[in-house]
Amino acid sequence: MDNSPIPNLSPTYYWDYFQYVLRYVTKHYAELLDENERTFIHDFETSSFAAQCLYLRLASRRTIWFQEDLLQYPEIPSLEDAKRELFHLNLLERIGQTEGQSAYACLANLNKAICFDLIQIPGQKSPIPKSVSKPVLLQYILENLREEELLLRLEQLHISLIRPLQTTYFHFIQFLFFGSRNHDLTDFVVRDLGHRQFIDIDEADLVPYFSNREEAIQKWRISIWREWFFEKSKDENAVEEIMASWQANMWPLVPELLELCIGSFERTLFHVARWLERQGELEMALSLYEESLAGASLERRVRLLLKLKRIDEAMMWARTGLELISNPKERHFFEDFLLKQASKKQIKQVTASLKEAEKLAISMEWKDQVEEGVVDYFRNQGYYAAFTENRVWKNLMGLWFWELIFQQNKSGFHHPFQYAPSHYARENFAIDLADEFRTYLNLIEDEASWWELMKQNAEKNQGKMNPLVDWQNLDFDLLQRLVHVIPKSSLLEVVSYMWHHLATHSKGFPDLFIQKGEEYAFIEVKSPNDHLSAIQYFWHDFFRQQEIAIRLIRVEWV
């Protein structure tokens, strides 16, 4: 968080937010906390308001070391008293105060001018020119100044550096509240300044993300390691170090990996394996993919086995992928891979569909706006034409089932900044709400009341973050046209399929919608060099089965 006060918020807004988080954590996770975490909370809560504010200011920053003379927090009375209190509570320390502390870590937080002053010897010429970059300067200091000398030079320059202590506990408390390392107190600021609106959830309706300490610790360890990996992987020579760390820190989690943490572990494994591929370590990458049955990892395993000319193994795992995976994009990869291996002349299903597309000649002036060119063509032919793609179907779904997703199912909200319940789009989400879904689905039988519900949901929830409704592109005229021309039974089939496959099938819909009277069609537009994706192919096929007019157009430039 920035040092400066933020307009329209309390001067100590960050204290207010942390109190909210702390109140929630101590209420719901009291039995989960260990002795050190409880001691930290006790020391923090029993310190003065000024000391709490100063600690939060420092601990919330990514900066590690702070120059004492540069601290300026006008909302905190008596900074000196607050610092003394934090020193006494072991929540603050000066550089050089703790044995084993690396003094070099402070260099990243010092400006270039100070770093140059550290290497100057009175009466002597500067050992390196001032034109060098800061990284070169820091490397010179590391190679030529012992830590004791660095501390002495800082003292001679009257530069006093301090840093907050026990920040791991501070961040872990936030992690318990959010269930993730991807959120922090800044989310409160963004919300309260009006930059984002979220679903209204009372604090009393929030439920803990973690059921026990083991879940929290496992996910915390995975998250911390992944952050370390992302930083370390910038060094292409770090393969050995990364794999040693994986074996020491991540691999031991596998036998006891809890369900809540599997997704996080799988994603981390995939990131590491893909990085190894890019480093040319194919066998090493394959050894990681072999430990995962996630769709993305299975696909990479098949591709790598093919690259390594282990065809029989590749085909076996492609068949396994078809048995395990429901995601259409991933399934099409396995299907087409097996077809290609069965007959090298077999044209992929998706490619074959594109080869049969109708051709439409469009002026070269639309080359950089292909879809706009097709819209212009049909409008000149007297058609209503609009962009639809995923947004129109997601808008329809979101407004239709808003109350079912967000209001009647509050048990999946763990913090106030979620776009949807945490189990949204999982298989059991649709199954558990099957009866309620059917009730809402049948509301369209009374179309006038149904439209009123749609408009009320739009008005009441305008602007709120969610995974479905695109408020910027919500067009009721387009929705009404679509509902008018599509056979109702077909519309219900599309919506029902989306509901039961929200995680995988809420995208890939055709680009455009055209209409002239009762004549209509959805149109997928492809430029001469464009390709049809697997999920697009799926929806084209589904539309045809439901007798919804669908056209695939390949543009030709004239």
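No experiment lies behind these values; they were computed from the predicted model shown.

Before going further, it helps to examine the packing of helix α1 (residues 13-28) against helix α8 (residues 167-178). Between α1 and α8, the shortest axis-to-axis distance is 9 Å and the interhelical angle comes to 70°. Compared by their axis directions, α1 and α8 come out roughly perpendicular. Seen from α1, the contacting residues are Phe18, Tyr20, Val21, Leu22, Tyr24 and Val25; seen from α8, they are Phe170, Ile173, Gln174, Leu176 and Phe177. Of the residues contributing to the contact of α1 with α8, the split by class is 10 nonpolar, 1 polar and no charged.

Let us now look at the packing of aromatic side chains. In this description, an aromatic ring pair is defined by two values, namely the gap between the centres and the angle between the planes. Tallying each qualifying case throughout the model produces 68 aromatic pairs. Between the aromatic rings of Trp393 and Phe522, the centroid separation amounts to 5.7 Å while the plane-to-plane angle is 40°, which identifies the pairing as tilted. Residue Trp393 is located in helix α19 (residues 389-400), and its partner Phe522 is located in strand β7 (residues 519-526); the two are separated by 129 residues in the primary sequence. For the ring pair Trp402 and Phe406, a centre distance of 4.4 Å and an interplane angle of 50° mean the geometry is tilted. Within this pair, Trp402 and its partner Phe406 are both found in helix α20 (residues 402-407), separated by 4 residues, close to a single helical turn. Neither Trp402 nor Phe406 differs from the other in exposure class; each is buried.

This paragraph deals with unusual backbone geometry. We note that Glu389 has phi near 45°; this positive angle belongs to a residue other than glycine. Within the fold, Glu389 resides in helix α19. The exposure class assigned to Glu389 is partly exposed, which follows from its relative accessible area of 33%. You will see that Glu547, though not glycine, has its phi angle at about 60°, which is positive. Here Glu547 is to be found in the loop between α26 (534-545) and β8 (550-557). Take Glu547: its relative accessible area is 68%, and that puts it in the exposed class.

Once that is clear, we can look at the sheet that holds strand β1 (residues 66-67). Pairing in this open sheet of 3 strands is antiparallel, and the strands run β1-β3-β2 from one edge to the other. In this open sheet, the two edge strands, each paired with only one partner strand, are β1 and β2 (92-94). With 2 bridges joining them, β1 and strand β3 (residues 161-164) adopt antiparallel strand pairing. Considered in β3, the bridge of Gln67 is made with Leu161.

The next thing to look at is the pattern of salt bridges. Within the structure shown, the criterion is met by 28 salt bridges. Between Arg23 and Glu203 there is a salt bridge, with the nearest N and O atoms lying 3.2 Å from each other. With a gap of 180 residues between them, Arg23 in helix α1 and Glu203 in the loop between α9 (186-192) and α10 (213-232) connect regions that are remote in the sequence. Since its relative accessible area comes to 29%, Glu203 is described here as partly exposed. Here Asp34 ties to Arg213 by a salt bridge, and the two come within 3.1 Å at their closest N and O atoms. Taken as a pair, Asp34 in the loop between α1 and α2 (35-46) and Arg213 in helix α10 lie far apart in primary sequence, 179 residues in all.

Here is what the cut-offs are and how they apply
Position numbers for residues count from 1 along each chain, tracking the sequence in the order it is written. The model is predicted, so local features are restricted to residues of pLDDT at least 70 and side-chain atom pairs to those at 80 or more, both for listing and for counting; the totals for chains, interfaces and linings are taken over all residues. Hydrogens and water are ignored here; the side-chain numbers use all heavy atoms of the structure. Orientation is described by axes fitted as lines to C-alpha atoms, over the contacting stretch for helices, and by angles from 0 to 180 degrees between their N-to-C directions. In DSSP terms, a helix is any run of H or I states spanning at least four residues, a strand is any run of E spanning at least two, and both are numbered starting from the N terminus. Note on terminology: angles under 35 degrees are roughly parallel, angles over 145 are roughly antiparallel, angles of 65 to 115 are roughly perpendicular, and the others are oblique. Two residues form a contact once any of their heavy atoms are found within 4.5 Å. Throughout, the ten residues Ala, Val, Leu, Ile, Met, Phe, Trp, Tyr, Cys and Pro are labelled nonpolar, Asp, Glu, Lys and Arg are labelled charged, and all others, Gly among them, are labelled polar. Pairing of aromatic side chains requires ring centres within 6.5 Å, counting the rings of Phe and Tyr and the six-membered ring of Trp. Pairs whose planes differ by under 30 degrees are stacked, by over 60 edge-to-face, and all others tilted. We call a residue buried when its accessible area falls under 20% of the maximum for its residue type, exposed when it is over 50%, and partly exposed in between, using a 1.4 Å probe and counting protein chains only. In short, DSSP must find at least two bridges between two strands for them to pair. Any Lys or Arg side-chain nitrogen located within 4 Å of an Asp or Glu carboxyl oxygen qualifies as a salt bridge.

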